[in-house]
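Listed below are the residues making up each chain.
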Amino acid sequence: MSDNKIIDGKAFAEKLRGRVAQQVAALKSKHGFTPGLAVVLVGEDPASKVYVKNKGQQTHESGMNSFEHKLPVTTSQAELLALVDKLNKGPAVNGILVQLPLPKQIDPQAILDAIDPAKDVDGFHVVNAGRLATGGNSLVPCTPLGCLMLLKDRLGDLTGKRAIVVGRSNIVGKPMAQLLLNESCTVTIAHSKTRDLAGECRRADIVVAAVGRPEMVRGDWIAPGAVVIDVGINRVDAGGGKTKLVGDVAYAEALPHAGGITPVPGGVGPMTIACLLANTVTAACRQRGVPVPA
Ligand SMILES: NC(=O)c1ccc[n+]([C@@H]2O[C@H](COP(=O)([O-])OP(=O)(O)OC[C@H]3O[C@@H](n4cnc5c(N)ncnc54)[C@H](OP(=O)(O)O)[C@@H]3O)[C@@H](O)[C@H]2O)c1
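In this report, we go over the structure that sits alongside the text. (Residues numbered from 1 in each chain as written. Predicted model: local features only at pLDDT ≥ 70, side-chain atom pairs only at ≥ 80, totals over all residues. Heavy atoms only, no water.)

1. Quick notes on unusual backbone geometry
Between Leu100 and the following residue, Pro101, the backbone shows a cis peptide bond with an omega angle of 0°. Checked against the element boundaries, Pro101 lands in the loop between strand S3 (95–98) and helix H4 (108–114). Phi at Ser184 takes a positive value of approximately 65°, unusual for a residue other than glycine. By secondary structure assignment, the location of Ser184 is in the loop between helix H7 (173–182) and strand S5 (186–190). A positive phi is found at Asp196, a non-glycine position, where the angle reads about 50°. Looking at the element boundaries, Asp196 is found in the loop between S5 and helix H8 (197–202). Take Asp196: its relative accessible area is 52%, and that puts it in the exposed class. (Helix = DSSP H or I, 4+ residues; strand = E, 2+ residues; numbered from the N terminus. Buried < 20%, exposed > 50% of the residue type's maximum accessible area, 1.4 Å probe, protein only.)

2. Section: the pairing of strand S9 (residues 242–246)
Of the strand pairs in this sheet, strand S8 (residues 234–239) and S9 are connected by five bridges, and their pairing is antiparallel. What sits directly across from Asp237, in S9, is Thr243. Here S8 folds back onto S9, and the loop between the two strands holds two residues, one of which, Gly240, carries a positive phi near 60°. (Pairing = 2+ DSSP bridges.)

3. Remarks on the sheet that holds strand S4 (residues 162–166)
Sheet strands pair by backbone hydrogen bonding; their relative direction is either parallel or antiparallel. Taken in spatial order, the five strands make up an open sheet running S5-S4-S6-S7-S10, and their pairing is parallel. Every other strand in the sheet has two partners, leaving S5 and strand S10 (260–261) as the edge strands with one partner each. Pairing geometry for strand S6 (residues 206–209) and strand S7 (residues 227–230), over four bridges, is parallel. Paired with Ile206 across the bridge in S7 is Val227. Packed on one face of the sheet, H7 meets S4, S5 and S6 and runs near 170° to S4. (Contact = heavy atoms within 4.5 Å. Axes fitted to C-alpha atoms, helices over the stretch in contact; angles between N-to-C directions.)

4. Considerations on the sheet that holds strand S1 (residues 36–42)
Pairing is parallel across the open sheet formed by three strands, whose spatial order is S2-S1-S3. Among the strands making up the open sheet, the edge pair consists of strand S2 (65–71) and S3. On average, adjacent strands in this sheet sit at an angle of 15° to one another, irrespective of strand direction. Pairing between S1 and S3: four bridges, direction parallel. Within S3, the residue paired with Ala38 across the bridge is Ile96.

5. What about the packing of helix H6 (residues 142–155) against helix H10 (residues 269–288)?
Look at H6 against H10: their axes get within 8 Å of each other, and the N-to-C directions meet at 100°. The angle between H6 and H10 falls in the class roughly perpendicular. Residues Cys142, Thr143, Leu145, Gly146, Met149 and Leu150 of H6 pack against Met271, Thr272, Cys275, Leu276 and Asn279 of H10. Class assignment for the residues of the contact of H6 with H10 results in seven nonpolar, four polar and no charged. (Parallel < 35°, antiparallel > 145°, perpendicular 65-115°, else oblique. Nonpolar A, V, L, I, M, F, W, Y, C, P; charged D, E, K, R; others polar.)

Structural data, given as structure tokens:
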């Protein structure tokens, strides 16, 4: 019974990547170009190295061109800005992603501001954030875009739903709230200063948790039948010298209450790279003036 409550982001992401691969093949045969994604890694952060490797591999698998730039940890801001400038001008590069976090000597905002908004497939540039807020043609941050896809797949039309987004970061919480507002949800944005967070969550048909606190959202905060999207990825002690990943929602407690819930791992996580690939196709089509595939 609880099986069909589980929102399988891994399977959804696989289908989405398959769709992107078909779109890439069609762009090649009908329009004669192949979208290209450039990923820049500065330094040796182990988690970032894994992300960048996975991004490169999945970009190749989709049939797109992947350009990887690995720079030493001593890279200066000026050197990184020079690379971004080169990528902005490179006609084969349709999307640019600079992997965060960056070493201390580099101001991440200065780098994000320097990326051409048309190639900003992470959707972090202020122009894309502004367009998302004002209804223009933006590139939408990948994680919230993936969350929205999972919600629409589960619930269909979201009009009139009460949604709460717990967390107000620029990369997840705020764009998520904006996307839900654009779907005509009634949106509450909660954060560390919110009073009676449990009560706020209990009123919601949709709960999106993007907090970064292991299992903070408890089972009895979830209204019967509400759909829960857990963005959190927290590594915690699993005893015996081992660790495990948990979300921001106490999954086992929430499962009996929820109408649908994303597991961690295997929920939102796999959607992020799939949406990055989809954003690269969108960016490439807009740059080339060809229709963006539906
Ligand atoms: N699946 C993915 O691909 C993916 C992508 C990105 C992030 N993540 C994960 O998602 C989580 C959130 O990431 P983020 O970058 O948005 O984090 P963040 O920048 O640290 O923001 C966390 C937000 O949670 C709020 N918060 C902290 N403690 C709270 C509390 N006790 N009650 C209510 N709200 C509280 C903060 O409120 P204030 O603003 O008041 O401080 C802040 O707005 C992390 O676990 C991260 O690893 C996953």
